[in-house]
Amino acid sequence: MAASSNSSLSGSSVSSDAEEYQPPIWKSYLYQLQQEAPRPKRIICPREVENRPKYYGREFHGIISREQADELLGGVEGAYILRESQRQPGCYTLALRFGNQTLNYRLFHDGKHFVGEKRFESIHDLVTDGLITLYIETKAAEYISKMTTNPIYEHIGYATLLREKVSRRLSRSKNESRKTSVTNEEHTPVEKKHGSMNSSYLCWTRELLGHQQNTPWKLETCKPEERSWKLSLKFSHGTFILERLDDLATLRFSQISSLVRRAALTHNDNHFNYEKTHNFKVHTFRGPHWCEYCANFMWGLIAQGVRCSDCGLNVHKQCSKHVPNDCQPDLKRIKKVYCCDLTTLVKAHNTQRPMVVDICIREIEARGLENIPYYGLKSEGLYRVSGFTEHIEDVKMAFDRDGEKADISANIYPDINIITGALKLYFRDLPIPVITYDTYSKFIEAAKISNADERLEAVHEVLMLLPPAHYETLRYLMIHLKKVTLNEKDNFMNAENLGIVFGPTLMRPPEDSTLTTLRDMRYQKLIVQILIENEDVLF
């Protein structure tokens, strides 16, 4: 691992001249401090202690005072014992020697040992993690407080998003030698004979760019004797030229993979730039890991930081508060289509709207074009009549399994109510409704306005508060439902009837209250009715 000076907090920056680009440097200061931290030393009780809890070992010394514990520790840094409190029998204390003093912590056990948020399988691990944290926070308190002041995130971004994919592809192609095209630039392939390293980087580059097929790129040899390579990527704003990929490969592909993918996503004309927050969750990293926001080491034995479960970004917990809302979900992390957050799904598939909405509505409207009475958009009770639950679940599983390749044609599901049921189920299963919890109360208040013009204006104002992906999905659905109402003489479904069906489907109160739901039902119906009748004005 390349390392900067211990006192340096500066991250590398991308030069305006792409030829002078220098990759960011992972900072080793906190890693060095973890290596220097005191090691735990268990002080064993020489006698057998009666009534010793079964989950404690020989480090338990029974009921002793703080003074006796201090004496047993003998001033040895990292030494520790467990004792039962004299003041509160049945309560247990960890006595730990650190910084030339004895620290006492109330100890708990619920299947795992803990003194704070972190839970450990063994007392030894708890003490080890505690000593590391105490040592680093004592030695580097000012350094830690300034970690987020000059981040490198904008220059490297998603350091781990494609790491596993890249590693597998590199290992598969490591020993291959083949003839392949090394450029897609201007549709003029250049045929070159590649050794294993060239072949590996070529495969890796293709994986790295993923579906960004319109991004011109070129991989060329610079100095074969130094195993040095150069990757050029051309975008509308200029060219990135990244050199010495072999060196970067040893750095877990962090900088190169992030820069390439972020640039490709940012400048791809087909990318729908919906803002999405990261879905951070506390994570235990196996082996050394560095924060992808500040480039500093993530210290400790467990729960060293947080990971975005949608894109795989790894950062310190304190750094996560500063990360922009620019999550780019990885399809590998999206396990299913139904029950997935709407914005997460469209970002992962790089679409305007959820595929389920597009495919189902296209199928329903396509059947309507066949001009058969009581079929497609003319089907009586469209959206009101339910399809067979088992068949609706089959459609759901087809989308979860096959994604956009799911076959919901009339050959497979001749009953159109199965398709409408699957679409309604998708909306009901969203963890955040199309009309979000944040805007729910504002829509209800708008529906209560008696003056029609003022009510319409209020609804329009609240619509502008919806997240872009939610707004676009709602707009597309309302255009479709307006088409349904145009066939009212056949399907008997006007805007009011559709409002009854879709009101509770598209909007739910934040609190799970049956009373609130019943009280707001007429306003939910009215909101959807207004959206359908005025879709050309509101959207």
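Residues numbered from 1 in each chain as written. Predicted model: local features only at pLDDT ≥ 70, side-chain atom pairs only at ≥ 80, totals over all residues. Heavy atoms only, no water.

Within an unreviewed UniProt entry, the label attached to the protein chain reads Beta-chimaerin, and the organism entered is Heterocephalus glaber. Looking at the Function (unreviewed entry) heading of the UniProt record, one finds this comment for the protein chain: "GTPase-activating protein for p21-rac." (UniProt positions renumbered as here; feature names shortened; annotations may be inferred.)

Turning next to the overall build of the protein chain. Regarding its fold elements, the protein chain presents 20 helices and 14 strands. By residue count, 52% of the 539 residues in the protein chain fall in the buried class. In the protein chain, of all internal contacts separated by at least 6 residues, the share reaching a separation of at least 24 is 61%. If you sum the accessible surface of the protein chain, you get close to 26300 Å²; carbon and sulfur atoms cover 48% of it. (Helix = DSSP H or I, 4+ residues; strand = E, 2+ residues; numbered from the N terminus. Buried < 20%, exposed > 50% of the residue type's maximum accessible area, 1.4 Å probe, protein only. Contact = heavy atoms within 4.5 Å. Areas by Shrake-Rupley, 256 points an atom, 1.4 Å probe, with all protein chains shown as cover.)

With that out of the way, let us pick up the environment of tyrosine 105. With respect to the secondary-structure elements, tyrosine 105 resides in strand β5 (residues 101–109). Along the chain, tyrosine 105 and alanine 95 lie ten residues apart, while their C-alpha atoms are 6.6 Å from each other. Each residue touching tyrosine 105, except ones within four places of it in the same chain, is listed here: Tyr92, Thr93, Leu94, Leu96, Val115 and Leu134.

A few words now on the packing of helix α10 (residues 342–349) against helix α16 (residues 468–485). Relative to each other, α10 and α16 sit at 90°, their axes nearing to 9 Å. The orientation of α10 with respect to α16, classified from their angle, is roughly perpendicular. Here Leu342, Thr343 and Val346 of α10 come into contact with α16, specifically with Ala469, His470 and Thr473. Here the residues of the contact of α10 with α16 sort into three nonpolar, three polar and no charged. (Axes fitted to C-alpha atoms, helices over the stretch in contact; angles between N-to-C directions. Parallel < 35°, antiparallel > 145°, perpendicular 65-115°, else oblique. Nonpolar A, V, L, I, M, F, W, Y, C, P; charged D, E, K, R; others polar.)

All right, on to the pairing of strand β4 (residues 92–98) then. Counting buried positions along β4 gives seven out of seven residues, so the element sits mostly inside the fold. Judged by which residues are buried, β4 turns out to be covered on both faces: Tyr92, Leu94, Leu96 and Phe98 on one side and Thr93, Ala95 and Arg97 on the other are all buried. Of the pairings in the sheet, the one linking strand β3 (residues 79–84) to β4 comprises five bridges and is antiparallel in character. Along β4, the bridge assignment pairs leucine 82 with leucine 94. With seven bridges joining them, β4 and β5 adopt antiparallel strand pairing. The residue bridging leucine 94 from the neighbouring strand is tyrosine 105, located in β5. (Pairing = 2+ DSSP bridges.)

What follows concerns helix α1 (residues 29–36). Along α1, the positions that sit buried rather than exposed are Tyr29, Leu30, Leu33 and Gln34. Buried residues in α1, looked at end-on, bunch into an arc of 140°, giving them a common side. Buried residues along α1 sit in contact with α3 (123–139) and α4 (141–145). (Arc of directions from axis to C-beta.)

All right, on to the packing of α16 against helix α19 (residues 514–533) then. The geometry of a pair of packed helices is captured by two quantities: the angle between their axes and the separation between those axes. Interhelical geometry of α16 versus α19 gives an angle of 80° and a closest axis separation of 8 Å. Overall, the two elements α16 and α19 adopt an arrangement that is roughly perpendicular. Every residue of α19 that contacts α16 at Leu474, Met478, Leu481, Lys482 and Thr485 is listed here: Val528, Leu531, Ile532 and Glu533. For the contact of α16 with α19, a count of residues per class yields six nonpolar, one polar and two charged.

A few words now on the nonpolar core. Burial of nonpolar side chains together is a common tendency in soluble globular proteins. Residues Tyr383, Phe399, Tyr426, Phe427 and Phe502 are the most contacted members of the largest nonpolar core, which totals 69 residues. The contacts of phenylalanine 502, once residues within four sequence positions are left out, are Tyr383, Lys424, Phe427, Leu477, Leu481 and Val528. (Core = buried A, V, L, I, M, F, W, Y, C linked by side-chain atoms within 4.5 Å.)

Along helix α18 (residues 495–506), the positions that sit buried rather than exposed are Ala495, Leu498, Gly499, Val501, Phe502, Gly503, Thr505 and Leu506. Buried residues in α18 make contact with α13 (416–429), α16 and α19. The N-capping residue of α18, defined by a side-chain oxygen 3.2 Å from the backbone nitrogen of glutamate 496, is asparagine 494. (Polar contact = N/O pair within 3.5 Å; in protein donor to acceptor, adjacent residues only side chain to side chain.)

If charged atoms from side chains of opposite charge come close, those side chains can pair. Scanning all chains against the criterion turns up 18 salt bridges. In this structure, arginine 42 and glutamate 59 form a salt bridge, with 3.0 Å as the shortest nitrogen-oxygen distance. With arginine 42 in strand β1 (residues 41–42) and glutamate 59 in the loop between β1 and β2 (60–63), this pair connects stretches of sequence that are 17 residues apart. Its relative accessible area of 43% is what places arginine 42 among the partly exposed residues. Judged by its relative accessible area of 5%, glutamate 59 falls in the buried class. Here arginine 353 and aspartate 358 are joined by a salt bridge, their closest N and O atoms 2.7 Å apart. (Salt bridge = Lys/Arg side-chain N within 4 Å of Asp/Glu carboxyl O.)

Our focus in this paragraph is the sheet that holds strand β13 (residues 305–308). Strand order in the open sheet formed by three strands is β12-β13-β14, with antiparallel pairing between adjacent strands. If you trace the sheet from one side to the other, it starts and ends with β12 (280–283) and β14 (314–315), each paired once. Where β12 and β13 come together, four bridges link them in antiparallel fashion. Pairing of phenylalanine 280 across the sheet is with cysteine 308, part of β13.

As for its position among the elements, aspartate 310 is in the loop between β13 and β14. A polar side-chain atom of aspartate 310 sits 2.8 Å from a polar atom in the side chain of lysine 276. Aspartate 310 has contacts with Lys276, Asn279, Cys327, Pro329, Asp330, Arg333, Ile334 and Thr344, leaving out every residue within four places of it along the chain.

So, on to the packing of aromatic side chains. Applying the stated criterion across every chain yields a total of 14 aromatic pairs. Judged by centre distance (5.2 Å) and plane angle (65°), the ring pair of tryptophan 290 and phenylalanine 297 falls under edge-to-face. On the basis of relative accessible area, phenylalanine 297 is assigned to the buried category, the value being 3%. Between the aromatic rings of tyrosine 383 and phenylalanine 502, the centroid separation amounts to 5.0 Å while the plane-to-plane angle is 65°, which identifies the pairing as edge-to-face. Of this pair, tyrosine 383 sits in the loop between α11 (355–368) and α12 (389–402) while phenylalanine 502 sits in helix α18; the two residues are 119 residues apart in sequence, bridging distant segments of the chain. Comparing tyrosine 383 with phenylalanine 502 shows no difference in burial state: the two are buried. Here a set of aromatic residues connected by ring pairs shows up, and it is made of Tyr55, Tyr56, Phe60 and Tyr92. (Phe/Tyr/Trp six-rings, centres within 6.5 Å; stacked < 30°, edge-to-face > 60°.)

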